[in-house]
Amino acid sequence: MSIAIMKKSGPFSHGLNSVQKTMFTVLLALLPATLFNLYLFGWPAIMLFTVTVGACLVIEAGCLSLAGKPVMATLADCSALLTGWLLAMSLPPWAPWWIGVLGAIFAIAMAKHSFGGIGQNVFNPAMVGRTVLLISFPVAMTTWIVPHPLFSAGAPGFFDALAITFGGHMPDAVSSASALGHIKTELSRHIPVTQSMADVPGLMDMMLGYRAGSMGETSAILILAGGLFLMAKRVISWHIPLSVMGGLFLIATIFHLVDPARFASGTFHLVSGATFLGAFFIATDYVTSPVSKTGQLIFGIGCGVLIWLIRTFAGYPEGVAFAVLLMNSLTPIIDQYTRPRAFGRNRKGEPLPLEKKP
Amino acid sequence: MWIAIGSLTVMGIILGALLGLAAKFLAVKENPLEEELKELLPGSQCGQCGYVGCSQYAAALAKGEAAVTLCPPGGKATIEALAKKLGVTADTSDHEEKLPEHAFIVEDLCIGCTRCIRECSTDAIMGANKLMHTIIVDACHGCSKCVPVCPTDAIVMVPVKVTLRNWHWPKPEIENTHSKPEVGHAH
Amino acid sequence: MKLFPILGGIHPEYRKELTSEKAIVVMPMPAALYIPLQQHIGAPAEVLVAAGEMVKKGQMIARNQGTVSASQHAPTSGRIRTVSEVTAPHPSGLPQTTIILEPDGKDEWAELPEPIADPFAVDAHTINERVSQSGIVGMGGAAFPSAIKLNLGDQKKLDTLLLNGAECEPYLTCDDRVMREYPDEIIDGARIMAHALGTPRIVIGIEQNKPQAIESMTKAASAFSNIEVVGVPVQYPMGSERHLVQAITGLETPARKLTADLGIVVHNVSTARAVHHAVRFGRPLVARVVTVSGGAIREPNNVLVPIGASVSDLVEFCGGFAERPESVVNGGPMMGSPLPSLEVPVVKGTSGILALTAEEINDRPTENCIRCGSCVTVCPCGLSPLDMAAFIRKDKLEGAAKLGVMDCFSCGSCSYVCPSHIPLVHYFNYAKGVLNDLERERNKNDRIKTLAEVRTIRIEKATEAKRATLAARKPASDTTQPGNSGEAKAAIEEKANV
């Protein structure tokens, strides 16, 4: 009986994981928070979400066919879907449709495919998309809305939503500042943090999500649950999330203790803004974060500290996107210097000395 | 204004002079590149590179006139060593990797004239006058200088046999779902 | 005993239940046996028999050439059909010189060397001679001539003989069954080996997924105070020599050194059993237990196979294929190699023959590397597979060498976990092969250069001598006289040809 001659060497066994499975698990982890927030912000958010994700898929397909690569097979690995999803979650929920489309172009075509496609990009595509949008269209990107839950009184109906998302017709008197934005603005008016904190929603509300912000900022508790689910499924390890949150919390607490009037507390920083989303879903992106565990810890701490620095001293109230992008640029060099030690060799690569037996 | 012009001119002259002195006294001694390149070549003066001998090829390489891929008996190891020394990238993808060859004497045709023995640059032929000649394969590196001198055309070049000792896995031929198929290089 | 963690590693699907409860069955002698001259690391053995000769069981039919070599013995009595080239059980499909023996059905033993009555009274040299004479090689798969490893007591200070009963590969259960069914033979062999090595301590490492083996070996070892049986954690590749040593002692063998440099020599449990047979009964290595398993085999089993039996006969004995296998693997699924056909012999290092279905292999099309870092996490050698593979893909093998690809022992953990199904181990096998080739070529070029230089010097000397002779002869003889000049010429040419 003849058998197929294998042109491949071993091993002849493989684990059950695959790229598609991993992406799927991440999407599953994001689902609760996404659904809740779509409910919170109503039809315009649903439309924007659909437009953004759809645009990402279309642009991905376009870039792939331009590059002569197989389109359906590559789309099936869900990486463009995930990028679009994360990008949509970082946008203001009632932003006009062209924000979503432009963001998709920046994220997929510019930050991913111009570098060579999946696995080759240096910067997190969703964050590049968001950052370029923020810098180019600061007003549209900072128009935050108080939650108008779906089907509640005052929430825009389907056709009103069409007007908002596609017609650019933003109803008056609905915009609101996010908590971080409010603190910063008040500080610039010389009103200390201790006072402006009274205006922001309480800790519980911030955790649950009944506040203004992007979809990824609200409902911190659902994001946290999703992140813990990912860790349980071993898709991500604890290193990056813990070091991002730990780094941020520590430096914020230290400075808050030094001057509470100027600096917000550590817990505030943790629950406001996109901290949880950034720690569990954005900074942990495989392609743009270091591969070794030590490297990941350095990366995470760097992100945490930068987030605090940018939120406190820089011109923008939210710092996750910038912090992640800055640390992404350091990933290759972190990788180079945190390579694991080879068995039987020291860190320099020389064989270990033979231990003299007594 | 004059002070400014004057002081800058003086500074320029002084610094320029310093640079000139440095160029003369602190110059990095160039190693004799040609000698080092010659060391990397097999040294059998077979002429397959198109130059008369290994020294001439080395001279041409040092001047940058010759490609590093011209020496068949040296094999890939020599190409890479030359490329490294000259600091160029050896484009071995186009390099027609001629399978390493060695000479083989067809015993039916050999008349024992010893002409090939005298020609062999590495003494890889065993034999004596009127006795059968044979190739010592370990010492033969395929320069093929012996082939034209044999009066009965008894010498042929044959590829070095692949045995269990020198076989290795070929490069994986990957059909990547995300890119055009990558073809492995025959090795 | 305190155990230490090892780096990385994976926990694959073991599927040992297919054969772990199957007692060893003896395969009936097939119609022909194919005994290769080389079933070990080192020089092939030198054939001693010719076509048509009658041989008895255990008779030496090929002698080891030098120390790093092993002898071959007739697995049964019969007639030598021929000595010819037969396909080797090697993925290249290349042939090797093989002795083909036709059993006569009588299975008569030849006159064997005298059993060594008291192995603990004789010196190490005697025992090593016997082990070498019996053609014993490492039976865990490496097939390194065991006598050399037993000789290490001369050169290094040794304190522990570590018996490797880990058997960390999925599917394989041959060592497990041998430990359950013949524990006393293993212990006896181990004690003899420890005596030859001069090690006061014997430790037997068995993975904890083999509780019955641990129990039976502990019972057999209970009579001897210097033997300790240790259950090691179930973690692939615990069976790797260096990692087993680290698990048991916490010591990391320095790169390029042997475990013997740490005072520990590792041998497989079946090798110990073979030593017991050789020393106590004078019987050479002529058969071994092979696990035949995999989803495509009708009756998976642990079979005592005579060396040289064809894999096709062995598969037939196990009921043949229930379905067409995707691949037939020699050894375990992680480090085993694919067989080019079934018409290859079982040799001393064959621990398993696996007929695997496509579902078991779970191969998917390769995708781009997503830099997830799983391979770095699982590599037991502390290397960076994704970086090395990236270099190799672009033919920058020196870059891969700098990252330590030559340290890789192809355990397969990285390929196993890669979500993009990148054939990492295949890349490394290719790179190691090419780098070894380049090393060989460099050495050859150095030798060639020396030969060429020596020749040039010799020719110059000869030309000098010729000039000197001509200068001396000129006034003495008239060079126009044909006879004289002919003689002179011949004399000179003779000198030049020396």
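Residues numbered from 1 in each chain as written. Chains lettered and ligands numbered in written order. Predicted model: local features only at pLDDT ≥ 70, side-chain atom pairs only at ≥ 80, totals over all residues.

What follows concerns the overall build of chain A. Of the regular secondary structure elements, chain A holds 16 helices and zero strands. Radius of gyration (C-alpha) of chain A: 22 Å, near the 21 Å computed for a compact globule of 358 residues. Taken along its principal axes, the extent of the C-alpha atoms in chain A is 75 × 60 × 30 Å. Burial statistics for chain A: of 358 residues in total, 52% are counted as buried. Taking all contacts inside chain A whose residues are at least 6 apart in sequence as the whole, residues at least 24 apart take part in 74%. (Helix = DSSP H or I, 4+ residues; strand = E, 2+ residues; numbered from the N terminus. Rg over C-alpha atoms; globule rule 2.2 N^0.38 Å. Buried ≥ 20, exposed ≤ 12 C-beta atoms within 10 Å, placed from the backbone. Contact = placed C-beta atoms within 7 Å.)

This paragraph deals with the overall build of chain B. On a plain count of helices and strands, chain B comes out with six helices and four strands. Beginning at the N terminus, the succession of helices and strands in chain B can be written as α-α-α-α-β-α-β-β-α-β. A total of 187 residues make up chain B; the buried ones form 26% of that total. Sequence-distant contacts, at least 24 apart, represent 52% of the contacts inside chain B between residues at least 6 apart.

Let us look at the nonpolar core. Ranked by internal contacts, the top residues of the largest apolar core, which has 241 residues, are Val 324 of chain A together with Ala 190, Met 193, Ile 204 and Leu 314 of chain C. Per element, the largest residue contribution to this core is 21 residues, and it comes from helix H1 (residues 19-67) of chain A. Counting residues in hydrophobic clusters, the runner-up holds 14 residues, among them Leu 37, Cys 49, Leu 61 and Leu 82 of chain B. (Core = buried A, V, L, I, M, F, W, Y, C linked by C-beta atoms within 7 Å.)

Residues and elements named next belong to chain B. Each assigned domain of chain B is listed here: domain 1 (33-86) and domain 2 (101-159). Placing the centre of domain 1 and that of domain 2 at their C-alpha centroids yields a distance of 25 Å. Opposite the seven residues of domain 1 that make contact, domain 2 presents seven residues. (Domains from an automatic or database assignment.)

With that out of the way, let us pick up the sheet that holds strand E6 (residues 72-73) of chain C. Residue and element names in this part refer to chain C. Spatial strand order, E3-E5-E6: three strands in an open sheet with antiparallel pairing. Every interior strand has two partners, whereas the edge strands, strand E3 (46-47) and E6, have only one. The pairing of strand E5 (residues 60-63) with E6 spans two bridges and is classified as antiparallel. Among the inter-strand pairings, Met 60 is bridged to a residue of E6, identified as His 73. (Pairing = 2+ DSSP bridges.)

Here the focus is the packing of helix H4 (residues 174-181) of chain C against helix H8 (residues 269-281) of chain C. Residue and element names in this part refer to chain C. At a closest axis distance of 9 Å, the pairing of H4 and H8 adopts a crossing angle of 50°. Here H8 runs oblique to H4, going by the angle between their axes. When H4 is examined against H8, the residues Asp 175, Val 178 and Met 179 are found in contact with a partner set consisting of Val 269, Ser 270 and Arg 273. In terms of residue class, the contact of H4 with H8 is made up of three nonpolar, one polar and two charged. (Axes fitted to C-alpha atoms, helices over the stretch in contact; angles between N-to-C directions. Parallel < 35°, antiparallel > 145°, perpendicular 65-115°, else oblique. Nonpolar A, V, L, I, M, F, W, Y, C, P; charged D, E, K, R; others polar.)

We now examine the sheet that holds strand E4 (residues 54-55) of chain C. Residues and elements named next belong to chain C. In space, the four strands of this open sheet follow the order E2-E8-E7-E4, with antiparallel pairing throughout. In this open sheet, the two strands that pair with only one neighbour each are strand E2 (33-36) and E4. Summarising the sheet, E2 and strand E8 (residues 95-103) pair through four bridges and their orientation is antiparallel. Each residue of the ladder has a partner; that of Ile 35, found in E8, is Ile 99.

All names here are of chain C. One can describe the packing of H4 onto helix H6 (residues 211-221) by two numbers: an axis separation of 8 Å at closest approach and a directional angle of 35°. The two elements H4 and H6 meet at a crossing, and its hand is left-handed. Counting all contacts with H4, which are made through Asp 176, Met 179 and Arg 180, the residues of H6 involved are Gln 212, Ala 213, Ser 216 and Met 217. Within the contact of H4 with H6, the residues separate by chemical class into three nonpolar, two polar and two charged. (Left-handed = near helix turned anticlockwise from the far one by under 90°.)

The predicted model of chain A averages 86 in pLDDT, with 92% of residues at 70 or higher. Residue range residues 1-5 of chain A is modelled with pLDDT below 50. Its contacts to residues more than four positions away, or to other chains, number nine contacts. (pLDDT = per-residue confidence, 0-100.)

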